[in-house]
Amino acid sequence: MFLETAKHAAREAGKLIRSRFEADITTEEKSSSFDIVTDVDRASEKLIKDYIMASYPDHSFLGEEESYGDESALHSTLESASKQPYLWIVDPIDGTSNFVHGLPGFCVSIALACYGVLTVGVIYDPLRDILYWAEDGKGAWCGEKPISVSSNANIAECILSTGFSSDLRARRAVLASIQVLGEQCRTIRSFGSAALHLAYVASGKIAAHWQYGLSVWDIAAGVLLVQEAGGKVSNMSGKAYCLTDKDVLASNTEQHSALLAHLQPLAPQPSKVNPF
Ligand code: 2AM
Ligand code: CA
């Protein structure tokens, strides 16, 4: 029931986003020119929120755009997530920079956390009309097909991925990590949507994704997908992912500890990273 709500909302938002791709959009800077929002992000979030809240008026909703700018409210929502029966966590467009520049590589990400436990995760790629989804204990899927992480333990045969958040300290950490890991794997990709990258880890296309300075809406749905597909997601200290984590490594499990050994020392101090 909740899964169907998430899938429907993601598809409807995806239709809206697709209809505005490479059309006239209004773009505004948030914290800097690295960090932007469009009228389509806002319209997509409103569509998703209206649909979910009409279906479940007593549920809680955390959307990227309406949460922007109030760090302490966000922190307290996440800190108290374990007391909330139903918290929807939504990124109305993950990969906004791609969307604005007319590049592929953006999606809608919708997750539901029940008492702090990720229960439903849906990631919809509107350009390719591909829907990734997972439900707690029921596996991960791409459309009608079950998906699983890759089983390759040899990093030299694997593609890894990472991403640049708008925060400079997080960017420097990523650049340092590419310097190290770029010499060890088949190649590194950075498509510009953390959620899509996590869907690619869950479906075995990419062996691992790491990123510093993310927010919960970028990753909540993707975390459940990776976990349900047999992978592992941790923060850079190696602790299992929790909703307040900003620096994450998601992998096929085979290379998790080897990658962490490189990534952990590079992590910026969490309190200094802009959560938006
Ligand atoms: P967005 O498109 O929703 O902003 C790009 O590498 C990825 O990082 C995208 O998923 C992007 O999400 C996210 N991202 C970019 N800057 C960010 C920031 N300051 N905080 C959190 N996530 C960010
Ligand atoms: Ca976004």
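Computed from a predicted structure; not experimentally measured.

At glutamate 22, a residue that is not glycine, the phi angle is positive and equals roughly 60°. By the secondary structure assignment, glutamate 22 is in the loop between helix H1 (2–20) and strand E1 (27–32). With a phi angle near 50°, aspartate 129 is a residue other than glycine that sits in the positive phi range. The residue aspartate 129 is located in the loop between strand E6 (117–125) and strand E7 (130–135) in this model.

Below, the discussion takes up the site of ligand 1. If you check the shell around ligand 1, you find 20 residues, and the closest are Asp94, Gly95, Ser166, Ala194 and Asp218. Residue glycine 95 places a main-chain N or O atom 2.6 Å away from an oxygen atom belonging to ligand 1. No other element matches the three residues that strand E4 (residues 87–94) contributes to the shell around ligand 1. Here the residues of the shell around ligand 1 sort into six nonpolar, ten polar and four charged. No fewer than three residues from each of domain 1 (2–147) and domain 2 (155–266) sit in the shell around ligand 1.

Per the UniProt entry, the sites bearing "binding site: Mg(2+) 2" (unreviewed entry) are Ile93 in this numbering. Counting through the fold element by element, isoleucine 93 comes out in strand E4. Setting aside anything within four residues of it in sequence, one finds isoleucine 93 in contact with Ile17, Val40, Asp41, Glu64, Phe99, Phe106 and Cys107.

A separate point is helix H8 (residues 216–228). Here H8 contains 13 residues, and its C-alpha end-to-end distance of 18 Å stays within 8% of the 18 Å for a straight helix at 1.5 Å per residue. The element H8 is extensively covered by neighbouring structure, given that eleven of its 13 residues are classed as buried. Buried within H8 are the following residues: Val216, Trp217, Asp218, Ile219, Ala220, Ala221, Gly222, Val223, Leu224, Leu225 and Val226. Backbone geometry just after H8 places glycine 230 at a positive phi near 95°.

A few words on the UniProt feature "binding site: Mg(2+) 1" (unreviewed entry) in the chain. UniProt marks Glu64, Asp91, Asp94 and Asp218 with the feature "binding site: Mg(2+) 1" (unreviewed entry), using the numbering shown here. Of the residues just listed, which span 155 residues, no C-alpha pair is farther apart than 9.6 Å, and they cluster in one region. Positionally, aspartate 94 belongs in strand E4. Sequence-distant contacts of aspartate 94, that is, excluding residues within four places in its chain, are made with Gly105, Phe106, Cys107, Ser193, Ala194, Ala195, Leu196 and Asp218. In terms of polar contacts, aspartate 94 uses its side chain to reach the side chain of serine 193, at 2.7 Å. Structurally, aspartate 218 can be placed in helix H8. Excluding residues within four positions of it along the chain, aspartate 218 makes contact with Asp91, Asp94, Ala194 and Ala195. Within the structure, the side chain of aspartate 218 is placed 2.9 Å from the backbone nitrogen of serine 215, a separation counted as a polar contact.

Rules of the game
Residues numbered from 1 in each chain as written. Chains lettered and ligands numbered in written order. Predicted model: local features only at pLDDT ≥ 70, side-chain atom pairs only at ≥ 80, totals over all residues. Heavy atoms only, no water. Helix = DSSP H or I, 4+ residues; strand = E, 2+ residues; numbered from the N terminus. Near = heavy atom within 4 Å. Polar contact = N/O pair within 3.5 Å; in protein donor to acceptor, adjacent residues only side chain to side chain. Nonpolar A, V, L, I, M, F, W, Y, C, P; charged D, E, K, R; others polar. Domains from an automatic or database assignment. UniProt positions renumbered as here; feature names shortened; annotations may be inferred. Contact = heavy atoms within 4.5 Å. Expected span 1.5 Å × (residues − 1). Buried < 20%, exposed > 50% of the residue type's maximum accessible area, 1.4 Å probe, protein only.

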